[in-house]
Amino acid sequence: MSYSVARPIHDAVKRQMEAETLGYNDPISIDLARESVVRWMKQEYDWSIASNSVGFVSDIVTGFGAILTHFLPPVADIVVPTPAYGPLLTVPALFGHRVQEVPSLSSSAFHRMDFEGIERALANGARLVVLCNPHNPTGRVFTAEELGRLAQLVDHYGARVFSDEIHAPLVTASVTHIPYAKVSAAAASHTITASSASKGWNISGLKCAQLIFSSPADAERWQHVADFFIKSVSRLGVSAIPAAYDHPESHDWLASVRTQLARNNALVAETVARRLPEIGYSPAEATYLAWLDCRAYGLREPARFFRERVGLAMSDGGEFSAPGHLRLNFALPEDVLRKALTALVRGAELLRSSRPLEETVTHHA
Ligand SMILES: Cc1ncc(COP(=O)(O)O)c(C=O)c1O
């Protein structure tokens with residue numbers, strides 16, 4: 001996000017600098033951060049977790065690697081619904097696993113998990129389903145019903161879920177984030193949840209993400225490697241956790257960022273509806289991402305076209321295993337976003353004038 005950092009986080013990091021305490025972590029600060037995570041989950045999501053269920057890793061991608069290494073057989077099939085945040089697709093192979101992609105079902109670019117496809121993969125022996133909720137790149141927030149259905153399937157096949165909930169603080173006002181592990185006892189027993197203040201408070205460089213082991217057996221298993229992973233967690237990141245999760249000023253900061261994101265989301269929605277009817281699109285329910293189905297343009301790499309022709313940088317759908325799409329990050333100051341949208345429209349006009357469009361997607365949520 002192109003926004004400044006919340007004052008309490010700034011102060012917490014500054015205090016470490018001023019005290020010149022830039023060495024290793026100390027157990028007291030780790031425990032304080034752990035208690036903050038427990039409080040935040042209760043207060044925000046009415047989710048009661050035990051303090052010994054919270055493990056720390058430098059970041060969520062590293063945490064994913066840890067789970068792939070220590071909680072699965074040496075070679076396992078991993079179900080990744082697509083489109084998916086790139087590392088969720090690429091990291092399993094680094095640890096010897098195989099990814100089974102299950103493309104989501106979408107109508108008017110509103111994404112739904114393909115439960116039948118997920119079930120087929122589980123029936124074929126897949127051991128882990130990767131859930132990303134809120135979802136990067138589509139911005140969907142899955143409902144209790146969807147999460148409950150996934151939990152039943154995973155439970156039936158005795159598999160696990162890695163639930164990446166990094167974007168949870170950034171839901172829009174009209175939707176509620178439900179931690180997947182909270183939907184049922186079965187979900188709690190088969191899930192490892194990944195959480196972090198890094199997206200909500202824009203501090204991904206501070207390196208202190210959390211894994212929540214809602215199964216006591218998993219929490220116990222984590223203890224064998226917990227100290228190793230703590231070594232990669234930054235002391236500055238640990239100091240930022242209570243500053244983000246507990247400090248009222250940080251809560252206010254988050255509320256004002258969410259208000260700004262809601263305005264930006266509406267601006268993107270209005271621009272697409274009015275000026276870009278050929279783009280399939282459904283406004284994000286969370287995150288700061290607009291997922292644009294640009295397949296009507298018939299471009300293999302639409303991001304490259306917009307970057308080279310109108311100077312607008314977006315992520316290409318290919319990174320998410322969904323070629324022909326674009327992901328626009330709208331966590332920008334409003335004037336910058338307006339410039340970005342003007343460039344988007346200009347790029348679309350260039351495309352329209354250069355060749356006839358294929359059949360267009362015209363439905364909008
Ligand atoms: C869904 C999702 N998971 C994980 C990450 C990366 O998080 P971390 O920096 O903690 O590895 C991102 C960053 O964009 C993300 O969007």
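Definitions and limits used
- Residues numbered from 1 in each chain as written.
- Predicted model: local features only at pLDDT ≥ 70, side-chain atom pairs only at ≥ 80, totals over all residues.
- Helix = DSSP H or I, 4+ residues; strand = E, 2+ residues; numbered from the N terminus.
- Buried ≥ 20, exposed ≤ 12 C-beta atoms within 10 Å, placed from the backbone.
- Domains from an automatic or database assignment.
- Nonpolar A, V, L, I, M, F, W, Y, C, P; charged D, E, K, R; others polar.
- Pairing = 2+ DSSP bridges.
- Axes fitted to C-alpha atoms, helices over the stretch in contact; angles between N-to-C directions.
- Left-handed = near helix turned anticlockwise from the far one by under 90°.
- Contact = placed C-beta atoms within 7 Å.
- Core = buried A, V, L, I, M, F, W, Y, C linked by C-beta atoms within 7 Å.

Participant: Just give me the short version of the overall build of the protein, but keep the residues and values in it.
Facilitator: Tallying secondary structure elements over the protein gives 12 helices and 12 strands in all. Each principal axis of the C-alpha atoms in the protein carries an extent, and together these give about 65 × 55 × 35 Å. Going through the 365 residues of the protein one by one, you find that 48% of them count as buried.

Participant: Tell me about the domain arrangement of the protein, and name the residues and values.
Facilitator: Taken domain by domain, the protein comprises domain 1 (7-246) and domain 2 (250-350). Between the C-alpha centres of domain 1 and domain 2 the distance comes to 26 Å. Of all the secondary structure elements, the ones that give two or more residues to the side of domain 1 that touches domain 2 are helix H1 (7-19), helix H4 (86-94) and helix H9 (235-245). Broken down by class, the residue content of the side of domain 1 that touches domain 2 amounts to 19 nonpolar, 10 polar and two charged.

Participant: Any details on the sheet that holds strand E11 (residues 315-316)? Residues and values, ideally.
Facilitator: Judged by pairing direction, the sheet is antiparallel, and its three strands sit side by side in the order E10-E12-E11 without closing on themselves. Of all strands in the sheet, those bounded by a partner on one side alone are strand E10 (289-293) and E11. Note that E11 and strand E12 (residues 325-329) share two bridges and pair antiparallel. Directly across from Ser315, in E12, lies its bridge partner Arg327.

Participant: Go over the packing of H1 against H9 with me, naming the residues and quoting the values.
Facilitator: Contact pair H1 / H9: the axes reach a minimum separation of 8 Å and the direction vectors enclose 145°. Here the hand of the crossing between H1 and H9 comes out right-handed. Listed contacts from H9 to Pro8, Ile9, Ala12, Val13 and Gln16 of H1 are Arg235, Leu236, Ser239, Ala240, Ala243 and Ala244. Looking at side-chain class alone, the contact of H1 with H9 contains eight nonpolar, two polar and one charged residues.

Participant: How would you sum up the nonpolar core? Please name residues and give values.
Facilitator: Within the largest apolar cluster, 112 residues are counted, with the highest numbers of intra-cluster contacts made by Val79, Val129, Val130 and Ala240. Domain assignment of the residues forming this core places at least three in each of domain 1 (7-246) and domain 2 (250-350). Here Val79 is in contact with Gln100, Val102, Ile118, Ala121, Leu122, Ala126, Leu128, Val129 and Val130, once residues within four sequence places are set aside.

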